[in-house]
Amino acid sequence: PQKPLAPPILIDFFIIYGLYIIYAKQNKSFLSLIEINSAFINSVTDGFAKSLDFNTRSTRSQFWYFFLFYQLSSSICTILDINFGLISNHSITIKSLDIYAYIHDGLIIYSNTKLEIGYLNLFLLFLCIVPIISLIIRRLHDLNYTGWFLPLLLILPFGFIVLIIMMCLKGNEYSNKYGKEIV
């Protein structure tokens with residue numbers, strides 16, 4: 001079987017970004033498009049610069065722009081890994097449960113699958129894991145929660161969903177014990 005050239009997530013990002021460009025042109029707000037791009041670049045550089053800062057706060061846009069950067073970079077690395085053959089028998093293989101389930105005689109059956117990570121994607125993961133954890137902790141600080149709330153969320157059932165919802169919440173509009181209000 002032939003492997004796809006582009007992962008579906010990359011196509012989704014290009015569609016969303018294209019729709020935003022169309023929206024910005026229709027509303028004559030090209031300036032807002034430039035502001036979005038500079039905010040994206042500032043968020044990515046700030047994410048790496050503050051990767052060892054676990055004491056302050058971070059905004060929603062800083063977190064989600066860095067997450068978008070990671071997803072786009074991961075998609076590009078996946079394409080390069082596939083096209084240059086960097087996914088091989090010697091790549092890291094992780095056994096995981098497939099997201100897709102099928103129903104057979106009233107039972108939900110999960111199929112085991114292999115998740116192969118190419119060398120470029122593995123390098124990107126090691127490069128971005130500390131900044132991502134730091135951003136999550138700083139987002140929790142913005143919501144006035146301690147960073148020790150993160151491991152609790154990851155071990156609880158549905159904790160990942162709660163974490164995503166918390167990352168979408170608006171932060172405190174006033175100073176808290178983790179710093180001043182972020183404008």
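Conventions and cut-offs
Residues numbered from 1 in each chain as written. Predicted model: local features only at pLDDT ≥ 70, side-chain atom pairs only at ≥ 80, totals over all residues. Heavy atoms only, no water. Helix = DSSP H or I, 4+ residues; strand = E, 2+ residues; numbered from the N terminus. Expected span 1.5 Å × (residues − 1). Bend = angle between axes of the 7 residues up to and from the residue. Buried < 20%, exposed > 50% of the residue type's maximum accessible area, 1.4 Å probe, protein only. Phe/Tyr/Trp six-rings, centres within 6.5 Å; stacked < 30°, edge-to-face > 60°.

A.B. asks: Just checking my understanding: could you explain helix H4 (residues 119-142) for this structure?
C.D. replies: Residues spaced three or four apart along an α-helix point in a common direction, a consequence of the helix completing one turn every 3.6 residues. For H4, built from 24 residues, the straight-helix expectation of 34 Å at 1.5 Å per residue is met to within 8% by its first-to-last C-alpha distance of 35 Å. Of all the bends in H4, the greatest reaches close to 40° and is centred on Cys128; the proline Pro131 follows between one and four positions later. Just past H4, the residue Asn144 takes up positive phi, approximately 70°.

A.B. asks: Please explain the environment of Ile79 as it appears in this structure.
C.D. replies: One can find Ile79 in helix H3 (residues 60-83). Accessibility expressed as a relative area gives 17% for Ile79, which makes it buried. Sequence separation of Ile79 and Gly118 is 39 residues, and the distance between their C-alpha atoms is 9.8 Å.

A.B. asks: So what exactly am I meant to see when it comes to the packing of aromatic side chains here?
C.D. replies: One pair of aromatic rings is described through two measures. These are the centre distance and the angle between the planes. A full pass over the atoms with the stated rule returns eight aromatic pairs. Geometrically, the ring pair formed by Trp64 and Phe67 is edge-to-face, given 5.5 Å between the ring centres and 85° between the ring planes. Placement of the pair is Trp64 and Phe67 together in helix H3, with a separation of three residues, close to one helical turn. A relative accessible area of 29% places Trp64 in the partly exposed class. Taken together, a centroid distance of 5.1 Å and an interplanar angle of 10° make the contact between Tyr145 and Phe149 stacked.

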